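# Remarks on the overall topology
Here's the letter readout for the chains.
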Amino acid sequence: MSPPGSALDFRSAQAVAADIREGRTTAREEAEAAVARARTDPFNAYTALVAQRALAQAEAIDADLAAERPVGPLAGVPFAVKNLFDIEGVTTIAGSKIRRDAAPAAHDATAVQRLTAAGAVLVGALNMDEFAYGFVTENAHDGPTRNPHDLARIAGGSSGGSAAAVAGGLVPLTLGSDTNGSIRVPASLCGVFGLKPTLGRLSRQGAFPFVESLDHVGPFARSVADLALAYDLMQGPDPLDPLCRRPAEPAAPRLQAIADGPLRVGVLGGWFAQGAFPEVLEALEIVADALQARRGVELPGAEQARAAAFCLTPIEAAHLHGPDLKTRPLDYDPAVRDRLLAGALAPEAVAEAARRYRPAFRDAARRVFEDFDVLLAPASVCPAPGIGQATMEMDRQPVSVRRNLGAYTQPISYIGLPVVAAPVNRPGKPPIGVQIVAPAWREEVALAAALRLERAGVVAAHRPPPVPLGEVRA
Amino acid sequence: MLVAAGYPGYEDFSYLWSSPRMATDPALAAFLALDDDTVAAYADDRAAALGLALPPETRAGTLENLALLRRQAATFAMDLDAAAPIEAFEP
């Protein structure tokens, strides 16, 4: 256990909860320590703290425990959320300047409500690419989030603060969103676990929209067990998100049995191998060997699916931003603004074509899954690029970092399949993650495959090297 | 709740599924027929029609991204079944 204060803490969420339940520490001490870590955050992961709320909730949990009243499975566990999630009393900035003067949220987002109901203690809000449009978290207004494994490198995005906060030992659990890869890419670059559930599995109510057709929310954690528990606690229908209709189907109780059983595993080839850095393919091989996977499985149409997601994103997002693009375009992050403007100018028929192609690609994926339980693919084309790095080489050609980090994630989120991003165990090397993709609504299979790999030591969230604690920021 | 938060929530996007337009839409065909040299004129016409100003700081980046969208759209929009309706997507 780390002492209260600013020392980074790498216990799992469930270990923290056990320490509190069994009296080795208190929820108040844990909340104070998490707030202290946030105030000295060396990664620029946090953009806002809710210290009073955290301490008040923690004291209530301690009172419940003292009175032997029942508490939730995450009682006293600190967590934080990407700053596009509504937090009651806090303005939801979604990484933007545009929304800094908006009214504070009247209620927590559904996902925040559900984790809070399970006893988790919200500490604050986390940095992101503006309006979730990016893979780098080099935010023009709040600065770049730094990768805990190398402060000169990006954390990935758009949920970069969420990945860095978990990887760096600020909190054991965070929430992010994933439209084109924004959970999976930063999880990969920061070396933590992330879950992008099936489209519609978890409620997006109270998360600032980006691309309604493609938006997902999900957790980050340092273990499969924490990831599965957080996912289970957030499941269940929500009338305020019409896509979220499915009854809860808890995964955690089923993981051991599935992990111990046979799994038919394939490694996606074709589009999912083009341009990948050699170390990314080497990491994928390690995982494929461990799962005795069949190589070179083709998912027909993946390149077109990526292109369709690429086009659908700015056109649909521009609908939401139309008024602000007309009246205050220069208040946007330039990297986001120019893509939204292009989306506004492109004909709506392009977006309609992208929506029309979607079921065809989904059906192609369903046919592939007739022979496999999970499919493997890289989560990113490369380890974390440097902060400010504009280009990288893919297939010996210089290409844009921002446009290509999500090349392997976009086809999968386009059809809403569940994915666990798992960090390959490469001690002392830059983190690289793999995507473990399951059929729709079968999150438990992807989680079980990740658990099998974790138990075998093939995937693991490593502690980053020690870093100097930063200045007080909040 | 969502009004108080000051932005449209996820229940407000039903318009996305309401259009029965075909992939052979003339607007799509015209867009796909552009080349990188004609994107600028197209963008100016569209911006004027939409009442959307393109400040000088935004122009180069916007045109570059619009040209990229055209190239990407060409990879999937050409061969679609124009008669297929757009379904409310289920994963």
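We now turn to the structure provided with this report. Note that the structure is predicted; figures quoted are calculated from it, not measured.

## Concerning the state of the cysteines
Residue and element names in this part refer to chain A. Applying the stated criterion to the full structure yields zero disulfides over all chains. We note that cysteine 190 lacks a disulfide partner, and the nearest cysteine sulfur, in cysteine 382, lies 13 Å from it. Given the relative accessible area of 0%, cysteine 190 is considered buried.

## Structural notes on the sheet that holds strand S1 (residues 46-49) of chain A
All names here are of chain A. Strand order in the open sheet formed by eleven strands is S1-S3-S2-S8-S10-S9-S16-S17-S13-S11-S12, and the pairing between neighbours is mixed. The open sheet has two free edges, formed respectively by S1 and strand S12 (294-297), since each of these has just one partner strand. Across this sheet, the average inter-strand angle for adjacent strands is 30 degrees, counted without regard to direction. Here two bridges tie strand S11 (residues 265-268) to S12, and the two strands are oriented parallel to one another. When the sheet's bridge partners are listed, glycine 266 is paired in S12 with arginine 294. The strands touched by helix H3 (residues 51-66) within the sheet are S1 and strand S3 (121-126), with S3 carrying the most contacts at an inclination of about 160 degrees. Sheet contacts for helix H15 (residues 443-455): strand S9 (193-196), strand S13 (374-378), strand S16 (419-423) and strand S17 (433-437); angle to S17, the most-contacted strand, approximately 140 degrees.

## Re the interface of chain A and chain B
Contact with chain A, which involves 64 residues of that partner, is made by 52 residues of chain B. Across the contact surface, chain A and chain B share three salt bridges. Note that glutamate 90 of chain B is salt-bridged to arginine 245 of chain A, the shortest N-O span being 2.8 Å. The set of elements that each furnish at least two residues to the side of chain A that touches chain B consists of helix H10 (302-327), helix H11 (334-345) and helix H12 (348-368) of chain A. Considering each element in turn, the side of chain A that touches chain B owes the most residues, 13 residues, to H12 of chain A. For the side of chain A that touches chain B, the class distribution of residues is 35 nonpolar, nine polar and 20 charged.

## Some words on H15 of chain A
All names here are of chain A. Here H15 contains 13 residues, and its C-alpha end-to-end distance of 18 Å stays within 8% of the 18 Å for a straight helix at 1.5 Å per residue. Of all 13 residues making up H15, ten are buried, and the element is well covered by its neighbours. On its buried face, H15 is in contact with helix H7 (224-234), helix H8 (255-260), helix H9 (278-290), S13, S16 and S17. Positive backbone phi, approximately 75 degrees, marks glycine 457, located one or two places after H15.

## Quick look at the pattern of salt bridges
This model, assessed by the stated rule, comprises 36 salt bridges over all chains. A salt bridge links arginine 201 of chain A to glutamate 249 of chain A; the nearest nitrogen and oxygen atoms lie 2.6 Å apart. In this pair, arginine 201 of chain A sits in the loop between S9 and strand S10 (216-221) while glutamate 249 of chain A sits in the loop between H7 and H8, placing the two residues 48 residues apart along the sequence. Judged by relative accessible area, which is 29%, glutamate 249 of chain A ranks as partly exposed. The partner of aspartate 44 of chain B in a salt bridge is arginine 59 of chain B, and the shortest N-O contact between them spans 2.8 Å. Taken together, the residues aspartate 44 of chain B in helix H3 (residues 39-50) and arginine 59 of chain B in helix H4 (residues 56-76) connect sequence positions 15 residues apart. With a relative accessible area of 29%, arginine 59 of chain B lands in the partly exposed category.

## Overview of the packing of H10 of chain A against H12 of chain A
All names here are of chain A. Contact geometry for H10 and H12: axes closest at 8 Å, N-to-C directions at 140 degrees. Considering the angle they form, H10 stands oblique to H12. For H10 against H12, the interelement crossing comes out left-handed. Seen from H10, the contacting residues are Ala302, Gln304, Ala305, Ala308, Cys311, Leu312, Ile315, Glu316 and His319; seen from H12, they are Glu348, Val350, Ala351, Ala354, Arg355, Tyr357 and Phe361.

Scoring rules and cut-offs
- Residues numbered from 1 in each chain as written.
- Chains lettered and ligands numbered in written order.
- Predicted model: local features only at pLDDT ≥ 70, side-chain atom pairs only at ≥ 80, totals over all residues.
- Heavy atoms only, no water.
- Disulfide = S-S within 2.5 Å.
- Buried < 20%, exposed > 50% of the residue type's maximum accessible area, 1.4 Å probe, protein only.
- Pairing = 2+ DSSP bridges.
- Helix = DSSP H or I, 4+ residues; strand = E, 2+ residues; numbered from the N terminus.
- Axes fitted to C-alpha atoms, helices over the stretch in contact; angles between N-to-C directions.
- Contact = heavy atoms within 4.5 Å.
- Salt bridge = Lys/Arg side-chain N within 4 Å of Asp/Glu carboxyl O.
- Nonpolar A, V, L, I, M, F, W, Y, C, P; charged D, E, K, R; others polar.
- Expected span 1.5 Å × (residues − 1).
- Parallel < 35°, antiparallel > 145°, perpendicular 65-115°, else oblique.
- Left-handed = near helix turned anticlockwise from the far one by under 90°.

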